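A closer look at the structure
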Amino acid sequence: REWLEKDYYGVLGVAKNATQPEIKKAYRRLAQKHHPDANRGDKAAEERFKEVSAAYDVLGDEGKRKEYDRIRDMASAGFRSGGPGGNIRFEDLGFDSGAFGDIFDLFGGGGRRRRPAQRGADLETEVQISFDDAIAGTTVPLRLAGSAACETCGGSGAERGTQAHTCPECGGTGSVTVDQGVFSLSRGCPRCGGSGRVIDNPCRTCGGTGQTRKTRTLSVKVPPGIEDGARIRLSGRGEPGPAGGRSGDLYVSVRVAPHSFFGRRGSDLTLELPITFPEAALGANVKVPTLNGAVTLKIPSGTSQGRTFRIRGRGAPKRGGGNGDLLVTVNVEVPSRLSKEERELLEQFREKHRASPRAGMGVVE
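Scoring rules and cut-offs
- Sequence order sets the numbering: in each chain, residues are counted from 1 along the sequence as written.
- Local features are withheld for residues below a pLDDT of 70 in this predicted model, meaning they are given only at 70 or higher, and side-chain atom pairs are given and counted only at 80 or more; totals for whole chains, interfaces and linings count all residues.
- Side-chain measures here rest on the full set of heavy atoms in the structure, leaving out hydrogens and waters.
- Strands are labelled as partners when DSSP assigns at least two bridges between them.
- Secondary structure elements follow DSSP: runs of H or I of four or more residues count as helices, runs of E of two or more count as strands, with numbering from the N terminus.
- Lines fitted to C-alpha atoms define the axes here, with helix axes fitted over just the stretch in contact, and angles between the N-to-C directions of these axes take values from 0 to 180 degrees.
- Exposed residues in this analysis have more than 50% of their type's maximum accessible area, buried residues have under 20%, and partly exposed residues fall in between, with area computed by a 1.4 Å probe over protein chains only.
- Residues scored as charged are limited to Lys and Arg (positive) and Asp and Glu (negative), so that His and the chain ends carry no count.
- A pair is scored as a salt bridge if a Lys or Arg side-chain nitrogen falls within 4 Å of a carboxyl oxygen belonging to Asp or Glu.
- Identification of polar contacts relies on pairs of N or O atoms within 3.5 Å, with a donor-acceptor requirement for protein atoms, meaning one able to donate a hydrogen and the other able to accept it, and with residues adjacent in sequence counted only if both atoms are side-chain atoms.
- Any two residues whose heavy atoms approach within 4.5 Å are treated as being in contact.
- What counts as a ring pair is set by centres within 6.5 Å for rings of Phe, Tyr and Trp (its six-membered ring), and what kind of pair is set by the plane angle: stacked under 30 degrees, edge-to-face over 60, tilted for all other angles.
- Here a helix's expected span is defined as the number of its residues, less one, multiplied by 1.5 Å.
- To be clear, the arc concerns the directions from the helix axis to the C-beta atoms.

**Things to note about the sheet that holds strand β10 (residues 262-265)**
By definition, the strands of a sheet pair up through backbone hydrogen bonds, in either a parallel or an antiparallel sense. The strand order across the open sheet formed by four strands is β10-β11-β15-β14, and the pairing between neighbours is mixed. Here the strands that pair on one side only, and so sit at the sheet edges, are β10 and β14 (308-311). When the angles between neighbouring strand axes are averaged without regard to direction, this sheet yields 35°. In the sheet, strand β11 (residues 268-276) pairs with strand β15 (residues 326-333) via eight bridges, with the strands oriented parallel. Residue pairing in the sheet places Leu273 in a bridge with Val330 of β15.

In structure tokens form, the structure reads like this:
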């Protein structure tokens, strides 16, 4: 039903025929704009971030996107072919009608179908890792306090030795149908509260909910080369579903601490390397730190301030294999204090090099 009500393409601001890279780019832009860390205390931004994440969870997965498009196309075809009473079967379109009972009722499909167990809520949390761990990959322990399946009843909600039974009023569908002409409107069953099940002897530990509060410890595997702000999805590690339903997912946002001298641009690392004036003017072989030990970089004579050199394969791991590069930008250090001898040598140098580097700017000196 949510897929029918939500235009995920509109949420991400992309066309229906958008490519997967276009969808990913739109998601990243919106997620960065509305991320809770960048909008602390802004509930509207938080809800927008969740909406964007839900849209990308479907459209970013080619399989889910295909199913989403087919469901919405089917719904549109249903109204074009004679209204909600049209003869449309989910089976004819490759779907399991039992999994889409609410939608089936909307189009007059008829029949009482057992309501599938409700899925648990998704959870979001955040972990902090070092720059080095982000490059090499690591495993992070994570403690979560929240709902968990009741250990006494195993999540069923029924007292040990007993079990829930199908609601006699709705037949396990969780809803009752009211005919309104060509429409058949479904409403939550008042007897079972929409669960499709009736518990005569509720579990005394959880009160029949099938859930208790618990602190659990998880291990989050962080892949090598992960970037700051990336999200890891742990399927089935969110909140448990009511009455033993499937658990939701856990989304872990990764925050990477800055390095003392390395920076990052995608899979490339950056480094500002100080060199002396003689090294820049005369050339030199200098040692450059990398994440895997120092390497030698040849500085050509006459190197100017701000010049960038590329050391291939010394960057961050790429998702498809291999590594990015290390981009080394040189900063020519000017000594703040000079000895008498150094000053005399520089004055001699100045006397021999009278040409002004500003001559081409029309400045007369």
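Read on, since the account is not over.
**Looking at the side chain of Arg65**
Along the chain, the position of Arg65 falls in helix α5 (residues 62-80). The side chain of Arg65 sits in the buried core without any salt bridge; Asp69 is the nearest counter-charge, 4.2 Å away. Here the side chain of Arg65 touches Lys16 through a polar contact of 2.9 Å, landing on its backbone oxygen. Ignoring any residue separated from it by four or fewer positions in sequence, one finds Arg65 in contact with Tyr9, Lys16, Asn17, Ala18, Thr19, Gln20, Ile23, Val58 and Leu59.

**Some thoughts on the packing of aromatic side chains**
Counting across every chain of the model gives five aromatic pairs. Measuring from ring centre to ring centre gives 4.1 Å for Tyr27 and Tyr56, while their planes differ by 5°; the resulting arrangement is stacked. On the criterion of sequence distance, the pair formed by Tyr27 in helix α3 (residues 20-34) and Tyr56 in helix α4 (residues 43-59) is long-range, its members being 29 residues apart. The buried category is assigned to Tyr27, whose relative accessible area is 10%. Tyr56 sits in the partly exposed class, given a relative accessible area of 21%. Taking 6.1 Å as the distance between ring centres and 80° as the angle between the ring planes, the aromatic pair formed by Phe277 and Phe349 counts as edge-to-face. Remark: Phe349 occurs in helix α9 (residues 340-352) and Phe277 occurs in helix α8 (residues 277-282); sequence separation between them is 72 residues. Of the residues examined, Phe277 reaches a relative accessible area of 40% and is grouped as partly exposed. Residue Phe349 is classed as partly exposed on the basis of its relative accessible area of 40%.

**Focus on the pattern of salt bridges**
Following the criterion strictly, the structure yields 18 salt bridges and no others. Note that Lys43 and Glu46 form a salt bridge whose closest N and O atoms lie 3.8 Å from each other. Of this pair, Lys43 and Glu46 both sit in helix α4, three residues apart, which is roughly one turn of that helix. You can call Glu46 partly exposed: its relative accessible area is 26%. A network of salt bridges, in which partner residues are shared, links Asp57, Lys64, Arg119, Asp122, Arg233 and Asp249.

**Considerations on the sheet that holds strand β1 (residues 123-129)**
Spatial strand order, β1-β9-β8: three strands in an open sheet with mixed pairing. Edge positions in the open sheet fall to β1 and β8 (231-234), since each of these has one partner strand only. Adjacent strand axes in the sheet meet at a mean angle of 25°, parallel and antiparallel pairs treated alike. Looking at chain direction, β8 and strand β9 (residues 250-256) are connected through four bridges and run antiparallel. Within the sheet, the bridge partner assigned to Leu234 lies in β9 and is Leu250. The strands touched by α4 are β1, β8 and β9; relative to β8, the strand with the most contacts, the crossing angle is about 65°.

**Here we look at the pairing of β11**
With four bridges joining them, β10 and β11 adopt antiparallel strand pairing. Bridged to Arg264 within β11 is Leu269.

**Side note on α3**
With 15 residues, α3 extends 21 Å between its outermost C-alpha atoms, agreeing within 8% with the 21 Å of an ideal straight helix rising 1.5 Å per residue. Of the residues making up α3, those classed as buried are Ile23, Ala26, Tyr27, Leu30, Ala31 and His34. On an axial view of α3, the arc spanned by its buried residues comes to 125°, and they lie on one face. Facing away from the buried side of α3 by over 90 degrees, the exposed positions are Pro21, Lys25, Gln32 and Lys33.

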